[in-house]
Amino acid sequence: MLRLFTSRLYREKVTITEMIKLYCRKVHNDSKELCDECSELLAYALKRIEYCPFSIDKPACNQCPIHCYKKDMREKVKRVMRFSGPKMLIYHPILALMHLLDRNRKMKVTSNLKSPKEVQSN
Ligand code: SF4
Ligand SMILES: [Zn+2]
């Protein structure tokens, strides 16, 4: 639990996991298990966070100048965000609040950033 407050990337991973779980449960099926499509999206999103060239200075993905997501995955994750974003305040208020704070953090520009192609190939 403490890690949620101290690690930015861990927090990102937990948040996207909960958002995708919520979306899948409400839109795809009523089970606790993720469907195949959402499992794939979650694995992809977690990998993007892991390889994010901004590392601990990672901005919110929708404010990112690189956009390392493949087009189809980007559309899928946007759909999830639109659906689950507002509902997170009800289901996961602490995560939602922290996500809002993270989103408003100013992005630091790092000089050794990889190009979008390099980032996507990870
Ligand atoms: S590079 Fe940009 S889009 Fe990709 S994970 Fe990092 S912040 Fe998100
Ligand atoms: Zn699903």
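These lines cover the structure that appears in this document, whether it is placed above or below. Model, not experiment: these values are computed from the prediction.

**Examining the site of ligand 1**
In step 1: Ligand 1 sits among 14 residues. The nearest are Arg48, Cys52, Cys61, Cys64 and Cys68.
In step 2: Partitioning the shell around ligand 1 into residue classes produces eleven nonpolar, one polar and two charged.

**Examining the packing of helix H2 (residues 8-28) against helix H4 (residues 71-91)**
In step 1: The N-to-C vectors of H2 and H4 enclose an angle of 100°; their axes lie 9 Å apart at closest approach. In terms of orientation, H2 and H4 fall into the roughly perpendicular class. Residues Met19, Ile20, Leu22, Tyr23 and Val27 of H2 touch H4, and the partners they reach there are Val80, Met81, Phe83, Ser84, Lys87, Met88 and Tyr91.
In step 2: Of the residues belonging to the contact of H2 with H4, the class tally is ten nonpolar, one polar and one charged.

**Structural notes on the environment of tyrosine 10**
In step 1: Within the secondary structure, tyrosine 10 sits in helix H2.
In step 2: Along the primary structure tyrosine 10 and glutamate 50 are separated by 40 residues, whereas in three dimensions their C-alpha atoms are 9.3 Å apart.
In step 3: Residues within four places of tyrosine 10 in sequence aside, it is in contact with Arg3 and Leu4.

**A few points about the nonpolar core**
In step 1: Met19, Ile20, Tyr23, Cys38, Leu41 and Leu42 are the most contacted members of the largest nonpolar core, which totals 16 residues.
In step 2: The dominant element in this core, judged by the number of residues it contributes, is H2, at five residues.

Calculation criteria
- Residues numbered from 1 in each chain as written.
- Chains lettered and ligands numbered in written order.
- Predicted model: local features only at pLDDT ≥ 70, side-chain atom pairs only at ≥ 80, totals over all residues.
- Near = placed C-beta within 6 Å.
- Nonpolar A, V, L, I, M, F, W, Y, C, P; charged D, E, K, R; others polar.
- Axes fitted to C-alpha atoms, helices over the stretch in contact; angles between N-to-C directions.
- Helix = DSSP H or I, 4+ residues; strand = E, 2+ residues; numbered from the N terminus.
- Parallel < 35°, antiparallel > 145°, perpendicular 65-115°, else oblique.
- Contact = placed C-beta atoms within 7 Å.
- Core = buried A, V, L, I, M, F, W, Y, C linked by C-beta atoms within 7 Å.
- Buried ≥ 20, exposed ≤ 12 C-beta atoms within 10 Å, placed from the backbone.

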